[in-house]
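Coordinate inspection notes
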Amino acid sequence: MENFNYQRPSSVADAVKAMNAATDGKFLSGGMTLLPTMKQGLASPSDVIDLAGLKNSGVAVEGGKVTIKAGTTHAQVAADANVQKAIPALAKLASGIGDPHVRNRGTIGGSIANNDPAADYPAAVVGLNATVQTNARKIAGDQFFTGMFETALAADEIVTAVEFPVPKRAGYAKFPNPASRYAMVGVMVAELADGSLRVAVTGAGPKVFRVPEMEAALKKSFSADAISGISVSPEGLNSDMHASPEYRAHLVSVMARRAIAAAK
C-alpha cells in the first residue's frame, strides 16, 4: 500500500472540497473494495476521503417510500423493522451480503457507488425502481449504473440516500459464491404500486440488467410457471473460474423462479 493523505470531513461540502483539491482522491464509505485494492497495489489514491464523518445513516418510511441514508450499513438495513415490514425482500437481500464483518462495515451508498457487477444492491435499486439521491441531484435507478464499476456519478458527487418505493410485493433470490457470498446471479422481482413489473438481474453480466420478456409474462400472471420457457442469452454474460456464461444464463431463470415464489 502506497502512502496517502487521510481526510475525514464532517460535512458534504467539505468532502467535495477535499475531493476537488486532491490529485487523485477516492471517497471511502465502508471500504469493502477500496481498501483491499489499495493493499494489493491495484489502487493508489493520493487522498482517501472518509465519509464516515458525515454521520449519514438511518432509515425513514413515509408516504409509501423507504429512504435509506447512504451511510447505513447492510446489517442495519437487514435488522430494521420498518424495512422488514415495508419491503421484506430488501431486508433479505441485505442480510445475505458477504459475512457479518462486511455487513457491519459496508454501506448501501458505498456499494452502489462502487457498482461491483456481482453486488446485490444494484438488483434492488433497479428492480424496485429506486431513486438515488446525491448532493447535487436525483438519479433514476435505471440510469444510475452505466457499466462495470461505472455509474452516472461525477467525480466529486456523493450519494446521500436511496429512495425505494414500497412495492405491492417483491422477492429476491441469489446463487452466492460459496467463499465471498457475492452474487454469481441474483434476481429481484417486484410488482410495483402502479402494477408494473420489474425483473432485475445482478451478477450475471457486466452490470445489472432487466428481463423484459419475464416482466411481460408476469404482468399476465404473477407465478413461477408464467416464466417457464423464458431464458436469457448467454452472449455478453460474465465468464470466470466460477461459472460460464451459459451456466449464469441458466441461473437467471432458476433464481427468477425462486424470487417469484418468495415474493410478498
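Placed above this text is the structure.
Note that the structure is a prediction, hence the values are computed from the model and not measured.

Thoughts on unusual backbone geometry
Here the phi dihedral of Lys-55 falls at roughly 50°; this positive angle occurs in a residue that is not glycine. In this fold, Lys-55 is placed in the loop between strand 3 (47–50) and strand 4 (59–62).

Considering the nonpolar core
Core analysis: the biggest nonpolar cluster contains 39 residues, and Leu-90, Ile-112, Tyr-121, Phe-164 and Met-188 have the highest contact counts within it. Discounting residues that sit within four places of it in the chain, Tyr-121 has contacts with His-74, Val-77, Leu-90, Leu-93, Ala-94, Ile-97, Ile-108, Ser-111 and Ile-112. Core analysis: the next-biggest nonpolar cluster, separate from the first, contains 25 residues, Ile-227, Val-252, Ile-260 and Ala-263 among them.

Details of the pattern of salt bridges
Applying the stated criterion across every chain, the model contains 10 salt bridges. Taking the shortest distance from any N to any O, the salt bridge between Arg-248 and Asp-240 comes out at 3.0 Å. The class of Asp-240 is partly exposed, set by a relative accessible area of 37%.

Description of the side chain of Lys-174
Of note, Lys-174 is situated in strand 11 (residues 169–176). A distance of 2.9 Å separates the side chain of Lys-174 from the backbone oxygen of Gly-96, its partner in a polar contact. One polar contact links Lys-174 to Asp-120, side chain to side chain, over a distance of 3.2 Å. Discounting residues that sit within four places of it in the chain, Lys-174 has contacts with Gly-96, Ile-97, Asp-120, Arg-181, Tyr-182, Ala-183, Val-185, Gly-186 and Met-255.

Some thoughts on the layout of surface pockets
Quantified by volume, the second largest pocket comes out at close to 250 Å³. Ala-118, Ala-183, Asp-240, His-242 and Arg-248 are, among the 15 residues lining the second largest pocket, the residues nearest its centre. In terms of residue class, the lining of the second largest pocket is built from 7 nonpolar, 5 polar and 3 charged.

What counts as what
- Residues numbered from 1 in each chain as written.
- Predicted model: local features only at pLDDT ≥ 70, side-chain atom pairs only at ≥ 80, totals over all residues.
- Heavy atoms only, no water.
- Helix = DSSP H or I, 4+ residues; strand = E, 2+ residues; numbered from the N terminus.
- Core = buried A, V, L, I, M, F, W, Y, C linked by side-chain atoms within 4.5 Å.
- Buried < 20%, exposed > 50% of the residue type's maximum accessible area, 1.4 Å probe, protein only.
- Contact = heavy atoms within 4.5 Å.
- Salt bridge = Lys/Arg side-chain N within 4 Å of Asp/Glu carboxyl O.
- Polar contact = N/O pair within 3.5 Å; in protein donor to acceptor, adjacent residues only side chain to side chain.
- 1 Å grid on protein atoms, 1.4 Å probe; cavity = no way out; pocket = protein on both sides within 12 Å on 5 of 7 lines; lining within 4 Å.
- Points joined across faces, edges and corners; volume = space filled by probe spheres on them.
- Nonpolar A, V, L, I, M, F, W, Y, C, P; charged D, E, K, R; others polar.

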